[in-house]
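# Descriptive analysis of the structure
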Amino acid sequence: MKTVTVSAPGKLMIMGEHAVVYDRPCIVTAVGSRIKLTIEELSVPEFMLDAADVNVVEYKKSLSEIGAGYIPKGAMFVEVALRNVMQSAGVDNLHGNGIKMITHTDFSSQYGFGSSSAATVCVIKGLSEYMGLSLGNREIFNLAYKTVLDVQGKGSGFDIAAAVYGGTLYFMTGGKVIEPIQIDELPIIVGYSGVKADTVTLINMLAYKAKSDPSSIDGSYNEIARLVDSAKSTIVEKKWQLVGSLMNQNQELLKSLGVSTDKLDAMIEAARDAGAYGAKLSGAGGGDCMIAVAPRDKTQAVKDAITAAGGLIIEVESNVGGVKVEAY
Ligand code: PMV
């Protein structure tokens, strides 16, 4: 039986969220919590999906109906990615056979580590291997980004880039620039706020604000872009104190945009009070995670302070490798 297993990393936004949706840069790192996808051949022309993490169990559909009709929320990215690969490869069936996809996640989809984007990238890489399409990273990025836009209409694609390329990236909207930042490690502490954020709702909220006050929002995005550009070289030079200060300035701008929450603010403040060089929310805001950079001898104190503020410390490796084949 033909089978292939691939894996892709999750992501953490370091700086530049929201501004990156509108032609500005961000910095993102790939995290060592990976999503795994196995594709198996079926003898009937059907698509089957088991994705327990998003409550999809034994979902089934005829291959001729892929992308059409009812699609459960948890199957959306995977099924649309499958449709996009089939369309771009110009096939409407898989030589009479079907496929089963099974996903396993190292992390909860609640954390905001980009499990949908990582799953989308896995589907495209997995199908490329399975169907012998030999897609390169740029083609995988383009098809995955199209999938995200098809499903949620909005997004910069930064999470897709992290899943495809891995490492730590300087990234510009839609992948106009995808530049690896050459570092061995990124000493970040991650705290989960316990609240699941909805990215599209927050993007829409800012789009609405920008309608009534375009110059102020645009000004904030320009400021954020300036901070991201400074952080890029500062990270390479390992000037963590300076990186922390840039993160703090980024957080103030996000706060003034209205995307932080009391809980995130409390965790961020606690981290700073315990000796972190800097801290900020990571991602769309409204919940999910915050990140902090701290001197090594203050790491434990910062973690304890975030915990005392009600956060959950998530031990996760950053700057890890991108999508890869695990087994044939
Ligand atoms: O909510 P997350 O972690 O997927 O991050 C969203 C970051 C945004 O800039 C708000 C959206 C995007 O696609 O860049």
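Scroll up to find the structure.
Now for a description of the structure that goes with this document.

The rules behind these values
Residues numbered from 1 in each chain as written. Predicted model: local features only at pLDDT ≥ 70, side-chain atom pairs only at ≥ 80, totals over all residues. Heavy atoms only, no water. Helix = DSSP H or I, 4+ residues; strand = E, 2+ residues; numbered from the N terminus. Rg over C-alpha atoms; globule rule 2.2 N^0.38 Å. Buried < 20%, exposed > 50% of the residue type's maximum accessible area, 1.4 Å probe, protein only. Near = heavy atom within 4 Å. Polar contact = N/O pair within 3.5 Å; in protein donor to acceptor, adjacent residues only side chain to side chain. Areas by Shrake-Rupley, 256 points an atom, 1.4 Å probe, with all protein chains shown as cover. Nonpolar A, V, L, I, M, F, W, Y, C, P; charged D, E, K, R; others polar. Pairing = 2+ DSSP bridges. Contact = heavy atoms within 4.5 Å. Axes fitted to C-alpha atoms, helices over the stretch in contact; angles between N-to-C directions. Expected span 1.5 Å × (residues − 1).

On to the overall build of the protein chain, then. For the protein chain, the count of helices and strands is 9 helices and 12 strands. Here the C-alpha radius of gyration of the protein chain, 20 Å, is about what a compact globule of 328 residues would show, namely 20 Å. Principal-axis analysis of the C-alpha atoms gives the protein chain an extent of 60 × 45 × 35 Å. Counting over 328 residues, the protein chain shows a buried share of 56%.

Around the ligand, 13 residues are found, and the nearest of them are K11, H18, S156, T199 and A284. Between the ligand and H18, the relevant distance is 2.9 Å, taken from an oxygen atom to a main-chain nitrogen or oxygen of the residue. Protein contacts shield 94% of the accessible area of the ligand, which totals 380 Å² for the unbound molecule. Partitioning the shell around the ligand into residue classes produces 5 nonpolar, 6 polar and 2 charged.

Strand order across the open sheet formed by 4 strands is 9-10-8-11, with antiparallel pairing between neighbours. Among the strands making up the open sheet, the edge pair consists of strand 9 (278–282) and strand 11 (312–313). Pairing analysis gives 5 bridges linking strand 8 (residues 188–192) to strand 10 (residues 289–293), with the strands arranged antiparallel. Bridged to G191 within strand 10 is M290. Each of strand 8, strand 10 and strand 11 is contacted by helix 9 (residues 299–308), which is oriented at about 10° to strand 8, the strand it contacts most.

Helix length check: helix 7 (residues 240–257), at 18 residues, gives a terminal C-alpha distance of 25 Å against a target of 26 Å (1.5 Å per residue), a fit within 8%. Looking at the buried residues of helix 7, the elements they touch are strand 1 (3–15), helix 5 (199–212), helix 6 (214–236), helix 8 (262–273), strand 9 and strand 10. Backbone geometry just downstream of helix 7 places G258 in the positive-phi region, at approximately 90°.

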